[in-house]
Amino acid sequence: MHQTAQLARHLGLASASSTSRVDLYLRKAWARVLPKKFFNEGYGSFAALLQIHELKEELVRLHADHKQPSASVANFASRLQPLHGQKASNSSPYRLWGAQFDSPALEKLASVLPIQSQQLRFQFVEPTAPSQQLAWHYGGTGEHFMWRRRSWMGYPLARDHSIASCVIESPYYGHRRPPKQFGSTLNHVSDLFSMGLALVLETSALQQSFQQHFGLDHHCYTGYSLGGYMAGFATALLSTPTTSAVACMSSLSASGVFTEGALAQCVDWAALARQQALADDLLRHLDALELRDARLRDSIATGPEQEILAKASLATLLDVYTSLERYPRPECTPAVVLVRAAQDAYIPMANHQALSKLWPEAEVVEIPDQGHVTSFFTSQHVIRTAIANAMQRSYAFGATAASA
């Protein structure tokens, strides 16, 4: 049994199949109090959705050709500034740096990203001890700034494992949030897609820069919930034999999360129904209309016909754009860890299981007796251990691949 799985089992007595009461309560409360729901302005423009799909296909082709989708950042080292008055000193186990500049994603997504999201912002936790390892921490739903990932992940990883960390502020969140967006509730479906692609392009450029200037050539993509999906997404498009990933509370596709899980109650189905003609045209253009219709035939959903049709259309589009089945299989699956909660009410268990089935060589760590929300607070040490273990496995796997 893997060390990470053994540590996870110490959190409780046994896995339970019931759903977390905390998850159920919070998802109902959130749906009641939100003044705006997800996708309250619909799908976004047809042109933007097509552009995003074309870029998705381009990134898949580049990965097949073993090419990076973004160039390294010019004058990278000079852009990093010490934060919180920290100076280079061997008396601390780490140094904290930060930077802000035009996103490398603008070359591909300038017409899609809102102005506020066009500035890349990130923080870099550098261990004072020598390191070749860099963990990439992606934000979950509602995680608007970088302090939690920096404090709960970056500092302990640097102190205890000599692992560096890069914390990127997600487009549409924090300082990168457009003014007309309420909190975490993205206005358009296209915003979710452009967020993921922008993060991949930004990670690609920064990754090359960190390797050139700091010698950090072993990378681990990680995150929780939405951040966990982004970690899997980056792994699919950027992985090499020396990368690893720890995807926590992740899913195969965003479809189950927004149409079956907790966030289904937080989607503006009326707004999507008003753009049904656009959804039909897009599905037809992507040769996915039959997939939507088959989903409708198999559906046991009840409610207004317009909402049932909107749910089937959104689920199909989310599968087309976000299902990891449609992306390359990572080169490093033996160094991938999938962390899930036994009582998760936000992400359907079938979605968790579908991801582990897609990547069968990945280690699965189940947090017993915990839900999506409670695991976030109780299992940080399990996640940090998983990151350290995954990176160690990536060394062995990379050496094996190199000698093959």
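Higher on the page you've got the structure.
Described below are features of the structure shown in this document. (Residues numbered from 1 in each chain as written. Predicted model: local features only at pLDDT ≥ 70, side-chain atom pairs only at ≥ 80, totals over all residues. Heavy atoms only, no water.)

To locate leftover empty space, one rolls a probe as large as a water molecule over the atoms. Approximately 800 Å³ is the volume attributed to the largest pocket. For the largest pocket, the lining is made up of 43 residues, of which Gly140, Thr141, Gly142, Ser225 and Leu226 are closest to its centre. Residue assignment for the lining of the largest pocket shows that the elements contributing at least two residues are α2 (21-33), α3 (46-64), α6 (147-161), α7 (189-214), α8 (226-238), α9 (255-259), α13 (305-322) and α15 (372-378). Split by residue class, the lining of the largest pocket holds 28 nonpolar, 12 polar and three charged. Here the second largest pocket is characterised by a volume of approximately 230 Å³. Every residue lining the second largest pocket is listed: Thr259, Glu260, Arg295, Leu296, Ser299, Ala301, Ile308, Lys311, Ala312 and Ala315. (1 Å grid on protein atoms, 1.4 Å probe; cavity = no way out; pocket = protein on both sides within 12 Å on 5 of 7 lines; lining within 4 Å. Points joined across faces, edges and corners; volume = space filled by probe spheres on them. Helix = DSSP H or I, 4+ residues; strand = E, 2+ residues; numbered from the N terminus. Nonpolar A, V, L, I, M, F, W, Y, C, P; charged D, E, K, R; others polar.)

All right, on to the pairing of strand β6 (residues 218-224) then. For β6, the tally of buried residues reaches seven of seven residues, placing the bulk of the element in the interior. Because side chains alternate across β6, one face comprises the buried residues His218, Cys220, Thr222 and Tyr224, and the other comprises His219, Tyr221 and Gly223, equally buried. Pairing of β6 with strand β7 (residues 243-248) involves six bridges; the strand directions are parallel. By the bridge assignment, threonine 222 is partnered in β7 with valine 246. (Buried < 20%, exposed > 50% of the residue type's maximum accessible area, 1.4 Å probe, protein only. Pairing = 2+ DSSP bridges.)

An α-helical turn contains 3.6 residues, so any two residues separated by three or four positions project in the same direction. Here helix α14 (residues 349-358) has its buried residues at Asn351, His352, Leu355 and Ser356. Down the axis, α14 shows its buried residues gathered within 140 degrees of arc, on one side only. Seen from the buried face of α14, the exposed residues on the opposite side, beyond 90 degrees, are Ala350 and Lys357. Those residues of α14 that are buried lie in contact with α9, β8 (336-341) and β9 (363-367). (Arc of directions from axis to C-beta. Contact = heavy atoms within 4.5 Å.)

Attention shifts here to the sheet that holds β7. Spatial ordering of the open sheet is given by β1-β2-β3-β5-β4-β6-β7-β8-β9, a layout of nine strands whose pairing is mixed. At either end of the open sheet lies a strand with only one pairing partner, and these are β1 (81-82) and β9. Pairing of β1 with strand β2 (residues 94-102) involves two bridges; the strand directions are antiparallel. Looking at β2, one finds that proline 82 is bridged to tryptophan 97. Packed on one face of the sheet, α8 meets β4 (133-138), β6, β7 and β8 and runs near 150 degrees to β6. (Axes fitted to C-alpha atoms, helices over the stretch in contact; angles between N-to-C directions.)

Any pair of aromatic rings gets described here by the distance separating the centres and the angle formed by the planes. Per the counting criterion, the structure on display carries 20 aromatic pairs. Taking 4.6 Å as the distance between ring centres and 45 degrees as the angle between the ring planes, the aromatic pair formed by phenylalanine 124 and phenylalanine 210 counts as tilted. With a gap of 86 residues between them, phenylalanine 124 in strand β3 (residues 119-127) and phenylalanine 210 in helix α7 connect regions that are remote in the sequence. Just as phenylalanine 124 is buried, phenylalanine 210 falls in that class too. By relative accessible area, phenylalanine 124 is classed as buried at 0%. Among the aromatic residues, those joined into a cluster by ring pairs are Phe76, Phe101, Phe122, Phe124, Trp136, Phe210 and Phe214. Against the face of tyrosine 327 rests lysine 56, its NZ or CZ located 5.1 Å from the ring centre. Taking NZ or CZ as reference, arginine 79 lies 4.7 Å from the ring centre of phenylalanine 101, over its face. (Phe/Tyr/Trp six-rings, centres within 6.5 Å; stacked < 30°, edge-to-face > 60°. Lys NZ or Arg CZ within 6 Å of the ring centre and 35° of its normal.)

Note that every value here comes from positions in space, so none of it alone points to a role or purpose.
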